[in-house]
Amino acid sequence: MRRSFFGGVNPAPYKESTRRKPIARLEYAPEQVVLPLAMSSEGDSVPAVKPGDRVAVGQPVAAGVDLAVSTHASISGRVLAIEERPHPWGGRSAAIVIENDGQDTPWDGRPQPLDSTRVTLDLLLARVREAGIAGMGGAAYPTAEKLRRAAGKADTLIINAAECEPYVTADHRLLLERSDKILLGAQTIARAIGAQRAVLVTEGDKLNAAEAVERRLRKRSGKVELCTVRTRYPLGAEKQIIQTVTGREVPPGGAPLDVKCVVLNLATVFAIQDALFRGRALTHRAVTVTGGAVARPRNLWVPIGTPLSCLLQSAGGLRETPCLVLTGGPMMGTPQHNLEAPVIKSTNALVCLTALERRQQSQETVCIRCGKCVTSCPMHLAPSFISRALRLNELHRLPKLHPQDCIECGCCSYICPARIPLLERVRQARELLEKGGLD
Ligand code: SF4
Ligand code: SF4
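Owing to the predicted nature of the structure, the values given are computational and were not obtained by experimental measurement.

Asks: Before we move on, could you go through the overall build of the protein and cite the residues and values that matter?
Replies: If you tally the helices and strands in the protein, you get 12 helices and 18 strands. Relative to its length of 439 residues, the protein is compact, with a C-alpha radius of gyration of 22 Å against a globular reference of 22 Å. Counting across all 439 residues of the protein, residues that qualify as buried make up 55%. For the protein, restricting intrachain contacts to residue pairs at least 6 apart in sequence, the fraction spanning at least 24 positions comes to 74%.

Asks: So what about the site of ligand 2? Which residues, and what values?
Replies: Around ligand 2, the structure places Cys367, Ile368, Arg369, Cys370, Gly371, Cys373, Ser384, Cys416, Pro417, Ala418, Ile420 and Leu422. Here the residues of the shell around ligand 2 are counted per class, giving nine nonpolar, two polar and one charged.

Asks: Run through the sheet that holds strand E6 (residues 60-63), naming residues and quoting values.
Replies: Strand pairing in a sheet is mediated by backbone hydrogen bonds. Such pairs are either parallel or antiparallel. With respect to topology, three strands assemble into an open sheet ordered E4-E6-E7, the strand pairing being antiparallel. Of all the strands in the sheet, the pair left with one neighbour each is strand E4 (46-47) and strand E7 (71-72). Pairing geometry for E4 and E6, over two bridges, is antiparallel. By the bridge assignment for E6, Val46 is matched with Ala63.

Asks: Lay out the site of ligand 1 with the relevant residues and their values.
Replies: In the region of ligand 1, 14 residues are neighbours, and Cys377, Cys406, Cys409, Gly410 and Cys412 sit closest. Among the elements of the structure, helix H11 (411-415) and helix H12 (422-435) are those that each provide at least two residues to the shell around ligand 1. Residue composition of the shell around ligand 1, grouped by class: 12 nonpolar, one polar and one charged.

Asks: Let's hear about the nonpolar core: which residues, and what values?
Replies: Grouped together as the largest cluster of nonpolar side chains are 64 residues, with contacts concentrated most on Ile96, Ile98, Leu124, Leu147, Leu157, Leu200 and Ile272. Sorting elements by how many residues they give to this core places helix H3 (residues 170-193) first, with 10 residues. In this structure Ile98 touches Glu31, Gln32, Val33, Leu35, Val55, Val61, Ala73, Ile75, Gly77, Arg78, Val79 and Leu80, once residues within four positions along its chain are discounted. The next biggest cluster of nonpolar side chains, apart from the first, holds 17 residues, and it includes Leu312, Ala315, Ala341 and Cys352.

Asks: How would you explain the state of the cysteines if you had to name every residue and give the values?
Replies: Considering all chains together, one arrives at zero disulfides under this definition. Free cysteine Cys352: the closest other cysteine sulfur is in Cys323, separated by 11 Å.

Asks: Could you give an account of the pattern of salt bridges, with specific residues and numbers?
Replies: It is possible for side chains of opposite charge to pair when their charged atoms get near one another. Going through the model one piece at a time under the given rule, you end up with 21 salt bridges. Salt-bridge contacts for Arg197 lead to Glu225; the nearest nitrogen and oxygen are separated by 2.7 Å. A residue pair is termed long-range when its members are at least 10 positions apart, and Arg197 in strand E11 (residues 197-203) and Glu225 in strand E12 (residues 225-229) qualify at 28 residues. With relative accessibility at 29%, the residue Glu225 sits in the partly exposed group. Taken together, the shared-partner salt bridges connect Glu16, Arg19 and Arg20 into one network.

Asks: Could you give an account of H3, naming the residues involved and the relevant values?
Replies: Between its terminal C-alpha atoms H3 stretches only 27 Å, short of the 34 Å expected from 24 residues at 1.5 Å a residue. In terms of residue burial, H3 counts as a mostly covered element, since 17 of its 24 residues are buried. Just downstream of H3, Gly194 is the residue with a positive phi angle, here 80°.

Asks: Describe in detail the domain arrangement of the protein, supporting the description with residues and values.
Replies: Examined at the domain level, the protein breaks down into domain 1 (116-277) and domain 2 (372-435). Relative placement of domain 1 and domain 2: their C-alpha centres are 30 Å apart. At the interface, seven residues of domain 1 touch six residues of domain 2. Regarding the contact of domain 1 and domain 2, the summed buried area is about 570 Å², with carbon and sulfur atoms giving 61% of it. On inspection of domain 1 and its partner domain 2, the count reaches zero salt bridges. Between the two partners, domain 1 and domain 2, sit two residue pairs in polar contact (both at pLDDT 80 or more). Partitioned by chemical class, the residues of the side of domain 1 that touches domain 2 number four nonpolar, two polar and one charged.

Asks: I'd like a description of the packing of aromatic side chains, backed by residues and values.
Replies: Summed over all chains, the structure comprises two aromatic pairs. Both rings, one in Tyr14 and one in Tyr167, keep their centres 4.9 Å apart while their planes meet at 15°; by these two values the pair is stacked. Placement of Tyr14 in the loop between strand E1 (2-3) and strand E2 (24-25) and of Tyr167 in the loop between strand E10 (156-161) and H3 is noted, with a sequence separation of 153 residues between them. What makes Tyr14 partly exposed here is its relative accessible area of 43%. For Tyr167, a relative accessible area of 4% corresponds to the buried category.

Asks: Which residues make up the sheet that holds strand E16 (residues 324-327), and what are the values?
Replies: Reading across the sheet, the six strands line up as E2-E15-E14-E18-E16-E17 and stay open at both edges, with mixed pairing between neighbours. Edge positions in the sheet fall to E2 and strand E17 (334-335), since each of these pairs with one other strand and no more.

Asks: So, the side chain of Gln273: which residues are in play, and what are the values?
Replies: Summarising the element assignment, Gln273 is placed in helix H6 (residues 266-278). If we skip the residues at most four places from it in the chain, Gln273 touches Lys181, Gly185 and Arg278.

Asks: Please set out unusual backbone geometry residue by residue, giving values where relevant.
Replies: One non-glycine residue, Asp104, lies in positive phi territory at about 50°. The backbone of His402 shows a phi angle near 50°, a positive value even though the residue is not glycine. Mapping His402 onto the fold places it in the loop between helix H10 (398-401) and H11.

What counts as what
- Residues numbered from 1 in each chain as written.
- Chains lettered and ligands numbered in written order.
- Predicted model: local features only at pLDDT ≥ 70, side-chain atom pairs only at ≥ 80, totals over all residues.
- Heavy atoms only, no water.
- Helix = DSSP H or I, 4+ residues; strand = E, 2+ residues; numbered from the N terminus.
- Rg over C-alpha atoms; globule rule 2.2 N^0.38 Å.
- Buried < 20%, exposed > 50% of the residue type's maximum accessible area, 1.4 Å probe, protein only.
- Contact = heavy atoms within 4.5 Å.
- Near = heavy atom within 4 Å.
- Nonpolar A, V, L, I, M, F, W, Y, C, P; charged D, E, K, R; others polar.
- Pairing = 2+ DSSP bridges.
- Core = buried A, V, L, I, M, F, W, Y, C linked by side-chain atoms within 4.5 Å.
- Disulfide = S-S within 2.5 Å.
- Salt bridge = Lys/Arg side-chain N within 4 Å of Asp/Glu carboxyl O.
- Expected span 1.5 Å × (residues − 1).
- Domains from an automatic or database assignment.
- Buried area = accessible area lost by both parts, 1.4 Å probe.
- Polar contact = N/O pair within 3.5 Å; in protein donor to acceptor, adjacent residues only side chain to side chain.
- Phe/Tyr/Trp six-rings, centres within 6.5 Å; stacked < 30°, edge-to-face > 60°.

Structure below.
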């Protein structure tokens, strides 16, 4: 099945330097890992260990309370401290610091692998909760809660392997190298939550991975559909992907379940099958380390909590001073100012851009009314109108311009020839509306 969608932009992909590089283990193991208590969007976990305790790989070190997800040791060693450390979302936050003993001793309390034909909804939710899985595509929403809400309500499970952000290839490699496990995971999840369809969506620039999936599907009597879409940013955003696959439109302010869909990122599905069929907690993930400033760009299999500086070391270090360092891609990623911040469950890439790569921000000029921001907006917003309303202080116009529907894809800022920071303006407008005071 091949589909396309409207809106969006075509930024240069910059994926060539890593798309053919298999996921490799770190050459330099971290001396310590830093596990922030804040790793999901729904609150912090609570420490279950104290300084001086010995821990093994996969052992729970922080418990998830309410919706927050639990955290597990990703190396074996000794708990050094529980203290504030730099966090990749910004600032500092409480974290469990573990000193590496270099042994990688597995935890002997690991749950038994399950038989795929016997995975019930209760077993699925329990295992996902126990493994501490949160959305690994960036949103970091607790996966057990997402699946609990979807059970019996979603008729379509979408596995998002679009990875439309420039530079990032970690999911592409995971799909290429682990397609069998991902398909088994998708099929099992769909059956347990009662979804009639499971659709794996990938972009046309990942043909080798799509072919690998097709080969597997032929062998396993096709319970999962493959949908290859035209490469376009931001196809990977939930609402766009749902519309592309099902033709259903998530209403403004609504959620995928409003149109009977649940979307899981590919890496999340891989983590779920690891928890179900190998009894493994979420302790490692694939991360792309790339950008023109990196000496040897590559894809790495990384213990969660590894400092970003350690990833760079395993990628040959920096060949020039980067102009901008981000976790995630250049369109929606988070700028990093301290390379001692660790990889967390939602970190899919470390991108170090040179001044040349980072489109030199020339001076903002006046809007020439070209309309490109409007045609590129996948949410059918009018960023130029929102920006104008702010500039002229015509705040009464904002509610009708729906800035709250912005998915922060950055297409408008990217495409604007006048270099107007439209995404920032739309965010500003949304904050004004959220604070109230406007009808
Ligand atoms: S207004 Fe928001 S959703 Fe629309 S293009 Fe700009 S950043 Fe993307
Ligand atoms: S893309 Fe920029 S210049 Fe063109 S209409 Fe939008 S704000 Fe104006």
